[in-house]
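The lines below spell out each chain.
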Amino acid sequence: MERQKGWLTSGAFAALCGTTKETLRHYKDIGLLSPAHQGDNGYFYYDVEQFYDFYAIAIFRQTGTPLDEIRRCLQGQDAAQTLALLREQRGRLEAERRKLAHMDFVLSSALHNLEFGSVSDMVPQTAWFETEHLLALPAEELEGLMTPAASEDEMLIAVLERCQALCGQYGVQTDFQLGAIHQPGEKGGPGAISHLYTRIREKTDFPYYMEKPAGHYLYLCCRGRWDISEGYAVLKSYILEHDLDIKGNFYACDLAGFILNGVEKNAVSMISVQLSEKSHDRSLRSLP
């Protein structure tokens, strides 16, 4: 008879809510969610409508809201207070979402880099590269941040500090794996460095944004060395030997990043440059 009234035992209510009787008992003991009825037999029962009370509690709990705050909200039944709490919790969720998205970006970048870095050392190859979004620091701006006699460590500190400041100022996310952009030089090779860059998660409207366009690229990996000057020479020689037409800039980037670069034998870098479609076809025929 009591079941027909819409009353549920603690076991049935726990099953409906996807929780346990122990959780319901705890919520009852602390005055957060108490059974609505007590039957003639002395047992306590819940109204089916209390499912929504439990659901609200579960949502607040998942966003880290303290139990005391949830209790005040549910007991007060104050619309303005509830609205303020919901806005606060949505802000927390958005912050957590951004943190998780950044973690996914960093891990995906590391996986992609290490998979690319497994190819043969100093062997030119071609591949389709997706668009990459870059935070690009002009070389002349960086020169103004350092003394002419700055060491490599001092240069790295300046670059990282500037990237940190810009990420904070514009709210962008980066994996802090660094690269260099070279404008095309004479006879198919890279010229001077125009920018140092780090990848960012998405296209952003700010002054330091650059895009590495999608397309077919000629690239090679330099393994086990920090000095990649030999890689530039090999790539330039290959371009001249096969009379390839290149498009845009040369990109040199670190692939091993913060995971493996503490030891030179683990260092992996990649140099790439986009090919015209005609040159891509010609390069495919010439590759082993």
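Structural data are supplied above this passage.
First, a word on scope: everything that follows refers to the structure included in this document. This structure is a prediction, so every number in the text was calculated from the model and none was measured.

### Comments concerning the nonpolar core
- F116, F129, Y197, Y219, L255 and M270 are the most contacted members of the largest nonpolar core, which totals 17 residues.
- With three residues, the top contributor of residues to this core is strand β9 (residues 215–223).
- Contacts of F129, omitting those with residues within four sequence positions, involve F116, K212, P213, A214, G215, Y217, Y219, M270 and S272.
- Judged by nonpolar contacts, the second largest core, of 16 residues, contains L24, L32, F54 and L74.

### Observations concerning the pairing of strand β10 (residues 246–254)
- In terms of strand pairing, strand β6 (residues 174–184) meets β10 through four bridges, oriented antiparallel. The residue of β10 that forms the bridge with H182 is F250.
- Alignment of β10 against strand β11 (residues 268–275), held across seven bridges, turns out to be antiparallel. Within the sheet, the bridge partner assigned to I246 lies in β11 and is L275.

### Some words on the packing of helix α1 (residues 10–17) against helix α3 (residues 50–62)
- Running from amino to carboxyl end, α1 crosses α3 at an angle of 55°, the nearest separation of the two axes being 10 Å. Classified by the interaxial angle, the pair formed by α1 and α3 is oblique. Crossing handedness for the pair α1 and α3: right-handed. When α1 is examined against α3, the residues F13, L16 and C17 are found in contact with a partner set consisting of Q50, F51 and F54.
- Looking at the contact of α1 with α3 residue by residue, the classes come out as five nonpolar, one polar and no charged.

Reading the values: the criteria
- Residues numbered from 1 in each chain as written.
- Predicted model: local features only at pLDDT ≥ 70, side-chain atom pairs only at ≥ 80, totals over all residues.
- Heavy atoms only, no water.
- Core = buried A, V, L, I, M, F, W, Y, C linked by side-chain atoms within 4.5 Å.
- Buried < 20%, exposed > 50% of the residue type's maximum accessible area, 1.4 Å probe, protein only.
- Helix = DSSP H or I, 4+ residues; strand = E, 2+ residues; numbered from the N terminus.
- Contact = heavy atoms within 4.5 Å.
- Pairing = 2+ DSSP bridges.
- Axes fitted to C-alpha atoms, helices over the stretch in contact; angles between N-to-C directions.
- Parallel < 35°, antiparallel > 145°, perpendicular 65-115°, else oblique.
- Left-handed = near helix turned anticlockwise from the far one by under 90°.
- Nonpolar A, V, L, I, M, F, W, Y, C, P; charged D, E, K, R; others polar.

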